[in-house]
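# Structural features, examined
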Amino acid sequence: MPNLILLHGALGHSEVFKPIKEELSKYFTIHTPLFSGHGNTELPENGISIEQYTHELKGLIEKEKLNDVSIFGHSMGGYVALCYAMENPSAINSIMTLGTKFHWNEEQALKESKMLNPEVIAEKVPKYAELLEKQHGSQWKQLLPAIADMMVSLGKNPPFKNNLSSINIPIQVMVGDKDNLVTLEESLEVYRSLPNAKMAVLPDTKHPMDRVRPKLLLDLMDDFWN
């Protein structure tokens, strides 16, 4: 069977794909890696970056000797998938992204990074803090500032600048109509920059993966891949 890699977002976890894994496994061999610093994986001493996560994706594909590969990436996972495709244009068949924020400038990155304060989250959003601890253990308080630093780095040096037109594989860009992080405008701009792309807007859909209706997503995946 062809291989499908499911990539989670920043502060996410591979377990978010449970509602769709069983159905997808009828058609693909499924791989659900964890990016470093997430789940039970160690946070790198030198911090994290999109380049680091792109290297980790490449390492997985090479270690497992995967071919006939497609990727679905939620949020940051989609960003990593496209970065990998830019560097390895013949290594994968196709990509679907959902809720991926493509455009980071320094001002936006700083604004978002300030929201990733562990003490503030623990005080203001205790249920989210509990979820983060459940998924990532006690290192979640170190993971948040590391993600914040990655955002600022993306704002300063966006890797997609003028490079998307080089990705010729089929890509479907998807965004929820109620996503409060990703704009429809930036998703459309990226869709139009890709030479072989489709676009889908998911109705009544917010940014978190657990707020995406599995049947709606699976129908879009079936339409794209079959």
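All of the points below concern the structure found in this document. (Residues numbered from 1 in each chain as written. Predicted model: local features only at pLDDT ≥ 70, side-chain atom pairs only at ≥ 80, totals over all residues. Heavy atoms only, no water.)

### Remarks on the pairing of strand β4 (residues 94-98)
The buried fraction of β4 is high, at 5 of 5 residues. Of the two faces of β4, the one carrying Ser94, Met96 and Leu98 and the one carrying Ile95 and Thr97 are both buried. The handedness of the strand β3 (residues 69-74) to β4 crossover, carried by helix α3 (residues 76-87), is right-handed. In the sheet, β4 pairs with strand β5 (residues 171-176) via 4 bridges, with the strands oriented parallel. Considered in β5, the bridge of Met96 is made with Gln172. (Buried < 20%, exposed > 50% of the residue type's maximum accessible area, 1.4 Å probe, protein only. Helix = DSSP H or I, 4+ residues; strand = E, 2+ residues; numbered from the N terminus. Right-handed = clockwise from strand over helix to strand, strands pointing away. Pairing = 2+ DSSP bridges.)

### With respect to the packing of helix α6 (residues 126-136) against helix α7 (residues 140-156)
The description of two packed helices rests on the angle between their axes and on the distance between the axes. As a packed pair, α6 and α7 sit with axes 9 Å apart at the nearest point and diverge in direction by 100 degrees. By the angle class used here, α6 and α7 are roughly perpendicular. Across the interface between the two elements, Ala129, Leu132, Glu133 and His136 from α6 touch Trp140, Leu143 and Leu144 from α7. Among the residues making up the contact of α6 with α7, the classes are represented as 5 nonpolar, 1 polar and 1 charged. (Axes fitted to C-alpha atoms, helices over the stretch in contact; angles between N-to-C directions. Parallel < 35°, antiparallel > 145°, perpendicular 65-115°, else oblique. Contact = heavy atoms within 4.5 Å. Nonpolar A, V, L, I, M, F, W, Y, C, P; charged D, E, K, R; others polar.)

### Some points on the pattern of salt bridges
Counted according to the given criterion, the structure contains 4 salt bridges. In this structure, Asp204 engages Lys178 in a salt bridge whose closest nitrogen and oxygen atoms are separated by 2.7 Å. With Asp204 in the loop between β6 (197-202) and α9 (214-225) and Lys178 in the loop between β5 and α8 (184-193), this residue pair connects regions lying 26 residues apart in the sequence. Residue Asp204 is classed as partly exposed on the basis of its relative accessible area, which comes to 48%. Lys215 is the partner of Asp219 in a salt bridge, and the nearest nitrogen-oxygen pair spans 2.9 Å. Here Asp219 and its partner Lys215 are both found in helix α9, 4 residues apart, which amounts to about one turn of the helix. The class of Asp219 is partly exposed, set by a relative accessible area of 43%. The exposure class of Lys215 is exposed, given its relative accessible area of 61%. (Salt bridge = Lys/Arg side-chain N within 4 Å of Asp/Glu carboxyl O.)

### Quick word on the pairing of β5
Counting buried residues along β5, 6 of its 6 residues qualify, which places the element largely inside the surrounding structure. Burial of the side chains of β5 extends over both faces: Ile171, Val173 and Val175 are buried on one face and Gln172, Met174 and Gly176 on the other. By the bridge criterion, 6 bridges tie β5 to β6 in an arrangement that is parallel. Paired with Val175 across the two strands is Val201, which belongs to β6. Taking the sense of rotation as the criterion, the β-α-β connection linking β5, α8 and β6 turns out right-handed.

### Here we look at the nonpolar core
By size, the foremost hydrophobic cluster in this structure holds 47 residues, and its most contacted members are Ile5, Ile71, Ile92 and Ile95. Those elements that place two or more of their residues in this core are β1 (3-7), α2 (50-63), β3, α3, α6, α7 and β5. Broken down by element, the residue count for this core peaks at 9 residues, all from α7. Leaving out residues up to four positions away in the same chain, Ile71 has contacts with Leu4, Ile5, Leu7, Leu57, Ala81, Ile92, Ser94, Ile95, Met96 and Trp225. In terms of nonpolar packing, the next biggest core, distinct from the first, is built from 19 residues, Ile20, Phe72, Val212 and Trp225 among them. (Core = buried A, V, L, I, M, F, W, Y, C linked by side-chain atoms within 4.5 Å.)

### Some words on α3
Between the first and last C-alpha of α3 there are 17 Å, a value that for 12 residues agrees with the 16 Å anticipated at 1.5 Å per step. Of all 12 residues in α3, 10 are buried; the element is thus mostly enclosed. Taken as a whole, α3 has its buried residues at Met76, Gly77, Gly78, Tyr79, Val80, Ala81, Leu82, Cys83, Tyr84 and Ala85. Of the surrounding secondary structure, the elements contacted by the buried residues of α3 are β1, α2, β3, β4, α7 and β5. (Expected span 1.5 Å × (residues − 1).)

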